[in-house]
Amino acid sequence: MRRIPKSEKGENTWKSLFESAQRIFLQKGYHKASVLAISKAAMVSPATFYQYFSSKDEIFEIILETFQNEFFNLLSSIIHSESTIEEKTKTLINRVFDTFWNFRYEYKVFREAEFIDKGLCLNFHTKIKHILQKSSEISPISQNRDPLFWFLFGPLFYIAGYWILWNDAEVPQKTRETLLDFYLNGLSSTTYVFDERVFSTLNDLSLNDENTLNKGEQSKKRLLDSAEALFGEKGFFETTVHEICRNSKLSAGAFYLYFSSKYELLSQLIHKTSKELRYVLKKYSERFSDRRDLEIASLKGFLEFFKHHSNMYGVVRESEFIDSKITLTYYESLKKPYINVLDLAKEKKQIRGYDSDILSMILMGIGHLLGQSLLILSDFSTSHQGLQDEDIDIYLRVLADLMMNGIAKRSNEKTN
């Protein structure tokens, strides 16, 4: 049970501990934070800490509660306002980014909590969808809440992470304006009918033949595969080098022949994932010449790749809390070639003339949240359990329409 301070001195101590915990969780993450570190930062003893909080987990939960209450109150106030779809969308962008910046300590804690507790993440997403349904302008756009949720909140969450958490900066004004334009008007410069092949699954996309690897390359691959499985199952911090070696049936000597540490293995594992994902995306997209087809085919390829590497999708997400530089490197490796193809599509007048750097982050954000919902949270969600290829295609078709056309025109058509 939480201890309520009864004096001004007690209130100041509680506040100092709470603010110190925010800073420690931001700097070190949940796993590396400790009661001792929080107490030292607040310049009190651990015994004093326990006068106000029963554990590190309790103060962690209070921070989460503070953030979620602030966010849901913010979202509800926007949705219930008597504004046009354009005004609501602009307000949503600015107030979400500003709130994440002003509450960036709590936001960082929440991002990590989402990864640690999938149930918490699912509940957070579900409540957002329920709030969206209460908007007379937004809710008629799509009867399927999930694609609308991915379309609107994927870019918000991804861009906020990129700027606020990974670069310690506020989201630039130009990014906000571009996102608003995209939400309202979509990607396509004209009405477009998709090539039906964008929804098809490619088979036999083997990334490498183990028979072509020499003995050393095979050993390294076994260690990487072992780490992928264990990190996905237990998490990076709970997995030991000994377990990775035992699971791969190799010695610790073999491990240190290829990796100087578990951290370096993680870095190489994510680099390997980036390389293999780009290969699969290329195979899915090279069948088409129009960027609009390519965009949806790439989402299909993205989902198919991580369906077979579901552990790795979680590992990429966890790396954000281990070292954001690893995460930033991973996403930059995907973003750089993306910018080039978007520039080419603009020259061909296939897509609107958005800044390609910003547009790449918007589109990656949609894919990121789509993957989180269908690949990480699907086991916890009754609406996503037992998803078949045809179910995913239904989702993709609705999402594709939103991405190409935006919400302004569709909202007006539904409400008139």
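Up top is the structure.
Predicted model only: the values in this text are computed from it and were never measured.

What to know about the side chain of Thr-178
Its place among the elements puts Thr-178 in helix 9 (residues 173–185). On the basis of relative accessibility, which here comes to 9%, the residue Thr-178 falls in the buried class. In this structure Thr-178 touches Tyr-354, Ile-358 and Ile-362, once residues within four positions along its chain are discounted.

Observations regarding the nonpolar core
If you look at the biggest cluster of nonpolar residues, it comprises 135 residues, and the most contacted ones within it are Ile-128, Phe-151, Phe-153 and Phe-182. It is helix 8 (residues 145–165) that provides the largest number of residues to this core, a total of 14 residues.

Quick notes on helix 7 (residues 118–133)
In a regular helix each residue adds 1.5 Å, so 16 residues correspond to 22 Å; helix 7 covers 23 Å between its end C-alpha atoms and thus fits that length. Packing partners of the buried residues in helix 7 comprise helix 4 (56–79), helix 6 (104–116), helix 8 and helix 17 (356–376).

Some details on the environment of Tyr-330
Tracing the backbone through its elements, the reader meets Tyr-330 in helix 16 (residues 324–347). Judged by its relative accessible area of 5%, Tyr-330 falls in the buried class. Taking C-alpha positions, Tyr-330 is 8.7 Å from Thr-273, a pair spaced 57 residues apart along the chain. When residues no more than four places from it in sequence are discounted, the contact partners of Tyr-330 are Ile-270, Thr-273, Ser-274, Leu-277, Phe-306 and Val-316.

Let's talk about the packing of aromatic side chains
Enumeration according to the criterion identifies 40 aromatic pairs in this entry. A centroid spacing of 5.3 Å and a plane angle of 85° characterise the contact between Phe-49 and Tyr-50, whose relative ring orientation is edge-to-face. Tyr-50 gets classed as partly exposed once you look at its relative accessible area, which sits at 39%. Linked through ring pairs, Phe-67, Phe-71, Phe-72, Phe-100, Tyr-107, Phe-110, Phe-124, Phe-149, Phe-153 and Phe-157 together constitute an aromatic cluster. The ring of Tyr-30 is capped by Lys-56, whose NZ or CZ atom sits 4.2 Å from the centre of that ring.

Basis of the calculations
Residues numbered from 1 in each chain as written. Predicted model: local features only at pLDDT ≥ 70, side-chain atom pairs only at ≥ 80, totals over all residues. Heavy atoms only, no water. Helix = DSSP H or I, 4+ residues; strand = E, 2+ residues; numbered from the N terminus. Buried < 20%, exposed > 50% of the residue type's maximum accessible area, 1.4 Å probe, protein only. Contact = heavy atoms within 4.5 Å. Core = buried A, V, L, I, M, F, W, Y, C linked by side-chain atoms within 4.5 Å. Expected span 1.5 Å × (residues − 1). Phe/Tyr/Trp six-rings, centres within 6.5 Å; stacked < 30°, edge-to-face > 60°. Lys NZ or Arg CZ within 6 Å of the ring centre and 35° of its normal.

The quantities given are spatial measurements derived from coordinates; they are silent on function.
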